[in-house]
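What follows is the residue order along each chain.
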Amino acid sequence: MATDLGELLVPYMPTIRVPKTGDRVFKSECAFSFDSPESEGGLYVCMNTFLGFGREHVERHYRKTGQSVYMHLKRHVKEKATGAAGGTISRRRNGKVFLDLELNRDFNGEDYEYEDEAKLVIFPDHFEIPLPNIEELPALVTIACDAVLNAPSAYKKQEPESWEEEIQVSRHARSLRQLDNGVRVPPSGWKCQKCEMRENLWLNLTDGAMLCGKWFFDGSGGNGHALEHYKETKYPLAVKLDTITPDGADVYSFEEEEAVLDPHISEHLSHFGIDMLQMQKKTENGHHTDNNARPRVSEWEVIQESGMKLKAVYGSGYTGIKNLGNSCYLSTVMQVLFSIPEFQRMYVGNLQRIFDYSPLDPTQDFATQMAKVGHGLLSGQYSKPPMKSELIEQHQQKGISPRMLKSLVSRGHLEFSSNRQQDAQEFFLHMINLVERNSTSSENPSDAFRFLVEERVQCCQTRRVRYTQRVDYCIQLPAPIEAATNREELLAYEAKRREAEENMRAPPEPVRARIPFTACLQAFTEPQNVPDFWSSALQAKSAGVKTCRFASFPEYLVVQIKKFTFGVDWVPKKLDLGIDVPDFLDLSRLRATGLQAGEEELPDLMPPIVLPEDTRDNSMSSLDSPEIDEAAVMQLAEMGFPLEACRKAVYYTGNMGPEMAFNWIIAHMEEPDFAEPLLLPSMLDPGPSSSIDGPMGAAPLDNSPPEESIAILTSMGFPRTHTIQALKATNNNLERALDWIFTHPEQQEEDSDPLSNMADTEPNDNAFSNANSHSDSTLSPDRDTAGPRVKDGPGRYELFAVISHMGASTMSGHYVCHIKKEGRWVIYNDHKVCLSERPPKDLGYIYFYHRLSSS
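Fair warning: this is a prediction, and the values are worked out from it, not measured in the lab.

Student: Which parts of the structure should I look at to understand the pattern of salt bridges?
Tutor: A side chain with one charge may pair with a side chain of the opposite charge, provided their charged atoms come close. Counted under the stated rule, the structure contains 32 salt bridges. In this structure, E499 engages R505 in a salt bridge whose closest nitrogen and oxygen atoms are separated by 3.7 Å. For E499, a relative accessible area of 41% corresponds to the partly exposed category. Owing to a relative accessible area of 42%, R505 belongs among the partly exposed residues under this scheme. Among the salt bridges present, the one from D842 reaches R514, with a minimum N-O distance of 2.8 Å. Of this pair, D842 sits in the loop between strand 27 (832-835) and strand 28 (844-851) while R514 sits in strand 14 (residues 513-515); the two residues are 328 residues apart in sequence, bridging distant segments of the chain. Given the relative accessible area of 33%, R514 is considered partly exposed.

Now the structure itself:
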């Protein structure tokens, strides 16, 4: 038999590989579906590429690649036998569980046992060879099989990888001496003992001194009194007060000069009267509330509809998404996207075509992974009611795991690639950006969100105006607290809160601000001051104001309520407010009108590029490598901002320090290229043409713009040639290129002379005349080759989805979403999907509206 097996495998030996260091073995999930070794058909792992495939998809891989040898993995889940006394009988499982896989959380480990099975399968005849089979298999095959079985699953291998250094246990933790001085720390009203700082406070674990920290070790403001105290007393350990949770706290060792672990932190805190379990409440799936208990507990209960008997729903469109650990921001966005017909048609309607034409590694293909998630959510295959059966293997999977998609879409992104909580609105825009980049054909589902904003800028001194248009996908509405209907109640609460804080008493019952939605709209439409406005009429800086209107209305309108602000520690904090968001919305009065009779336009001139004297004398190579204060960059990056955005902030503020750069970040963080690398002109002409004759003040580039930049603009509907001209004219700056396209609509595609692309032209008021027409609700690229694709129509909408956030900051908390389907509201809370009894529309963070038909 050994000879027979050896001879049988000889033709396939060149295709069987042993996993090397760096190879990822996908033995926990299919590349095209959510099948796993626990699924009925098990999982097939290719012995050449180490990709995993479910039973429905392994044949496709065999036909496409010719790879014949696969390892079939199957995990059997069985209920433990019950003894006479009713308890479970413990069984030995040595040798039965050998796959390095996470146990299915749908099964209680105390009531179920697992048994793993592996075998080689040779296609197309499905010849099976049970494993292990050391005596009968060739040595190379045995080594390869053992390596695959012992390799960690692809994503389990990635989890420990992080940019954060591993924190070590402090050498002072075990022997820390604590003074019996009677110090007791109150639950609130904290303040530095040496100054008025109420943020970034550290508690010395030896004597209980409460003192402020300093920038260099915590990333927040302070006067450094905690460090001064250490220098005076040599008491080594301190804990940051607002980080204490039942799981631990942030501890710093002054003597070791680094963050450390304190295994005895609970005992050390109890010495000063602090009960860690009371500092923060933790709910299931890793979602955290904060120590501001009363307002936040209420918010959590209202948004999750706690205490109500919600009815679970199953089937197509009612599939939950498992939480991977602070991944609820991704889950809510994906649920909303795949409730929209355009995304359903693009990725699920074209499922077979996408799968058939997927690359050899489908785990790295955006369309494939989107189709996989879309099918998982809409097929109903992973959302079936529980079956009353003694056969545990018939237990239905509860939701899908988005691990493969998350790994792909977060690759290279500092924040989304981490396991920390993120902002759902930022992730929504990130997904739209990826959809744009990967929609090379005319079919682009993000067209449904795209609209044009008309910006009217007026010089306050000359009263002359400029109209420009830009693309956007989401409107952000301010939340003016001064417009609250319960203003007197808020003022009374604030007075009581300050009094309680000063007297070290418990804070009063919080009061939530109630703001009319009309006030948010009014604040959005009011004129705003333009910082550093340069008037082309005066050719000097002047005061300017800007107003925004809709140049087109999208098919799906996304409205974000700006609930978050920055605290003293520069951490985003959420305003506690409720807004009476309407089910029906009419924005017709906010449609743009363009240049009005009697208005005089500002000259179409760009401000001259002013270079410092030393820069003018430097060579071109010095411009390509500008001097940037890397220390300031790292201080900003430690706050969680993208590294490239920090570099741009420091550069554009002239290395004036972190505070100036931080202000730049706040002012530009909503821009689409916020986290893109710093792009500078590779050639600058300091001569006369850099003032008026050349609007951009830069010579054209001889080389072609990056293909990625071209793809982003062409995906918006702009012609490729026009896009290349715009990028060349603006030194490959995406934002400026978009403005150039809008102000140069008449530029002919046949213009090949790069110098002619820099010619100053008059703006065309009719560039978006089609976009302002009500005659057709859909615009194709052919109808307006100078502008982006938009689906314009009436500005009347109906609410169909709400994403809500619970917690005090975008960096913590939990997201859920409510979606209206088949005339009823449904709550999606990770893997749990239920009919909603009372959707909390007033506490939402992101609102999604669909356009009403004109009939």
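Student: Whenever I open this one, the packing of aromatic side chains confuses me. Can you help?
Tutor: For any pair of aromatic rings, the description rests on two quantities: the centre-to-centre distance and the angle between the ring planes. Summed over the entire model, instances satisfying the criterion amount to 25 aromatic pairs. A ring pair is formed by F428 and F449, whose centres lie 5.2 Å apart and whose planes are at 85 degrees; its orientation type is edge-to-face. Here F428 is found in helix 15 (residues 424-438), whereas its partner F449 is found in the loop between helix 15 and strand 11 (451-459), with 21 residues between them in sequence. For the pair formed by F428 and F449, the shared burial category is buried. Where F428 meets F848, the ring centres are 5.9 Å apart and the plane angle is 80 degrees; that geometry is what we call edge-to-face. Taken as a pair, F428 in helix 15 and F848 in strand 28 lie far apart in primary sequence, 420 residues in all. Considered together, F428 and F848 belong to a single accessibility category, that of buried residues. Site record: aromatic cluster; members linked through ring pairs are F338, F343, Y347, F366, F428, F449, Y556, F800 and F848.

Student: Could you clarify how one ought to interpret the nonpolar core in this entry?
Tutor: Nonpolar side chains in soluble globular proteins tend to end up buried together. M334, F343, Y347, F449 and F848 are the most contacted members of the largest nonpolar core, which has 91 residues in total. Counting 34 residues, the second largest nonpolar core, distinct from the first, contains A513, F550, I579 and L587.

Student: Please clarify how the side chain of S552 should be interpreted in this entry.
Tutor: Structurally, S552 can be placed in the loop between strand 18 (544-550) and strand 19 (556-561). Since its relative accessible area comes to 0%, S552 is described here as buried. One polar contact links the side chain of S552 to the main-chain amide nitrogen of L452, over a distance of 2.9 Å.

Conventions adopted
- Each chain has its residues counted from 1, running along the sequence as written.
- Reporting in this predicted model follows two pLDDT cut-offs: at least 70 for local features of residues, and 80 or more for side-chain atom pairs to be given and counted; totals over whole chains, interfaces and linings ignore these cut-offs and use all residues.
- Note: side-chain values were computed over all heavy atoms of the structure, leaving out hydrogens and water.
- Every case where a carboxyl oxygen of Asp or Glu lies within 4 Å of a side-chain nitrogen of Lys or Arg is listed as a salt bridge.
- Residue burial is assigned from relative accessible area. The probe radius is 1.4 Å, only protein chains are included, and a residue is buried under 20% of its type maximum, exposed over 50%, and partly exposed in between.
- Starting at the N terminus, helices and strands are each numbered in turn, a helix being any DSSP run of H or I of at least four residues and a strand any DSSP run of E of at least two.
- Pairing of aromatic rings covers Phe, Tyr and Trp, the last through its six-membered ring, and needs centres within 6.5 Å; plane angles under 30 degrees mean stacked, over 60 mean edge-to-face, and all others mean tilted.
- To define a nonpolar core, start from buried Ala, Val, Leu, Ile, Met, Phe, Trp, Tyr and Cys residues and group those joined through side-chain atoms within 4.5 Å.
- The definition of a polar contact used here is a pair of N or O atoms within 3.5 Å, where within protein one atom must be able to donate a hydrogen and the other to accept one, and adjacent residues in sequence count solely through side-chain atom pairs.

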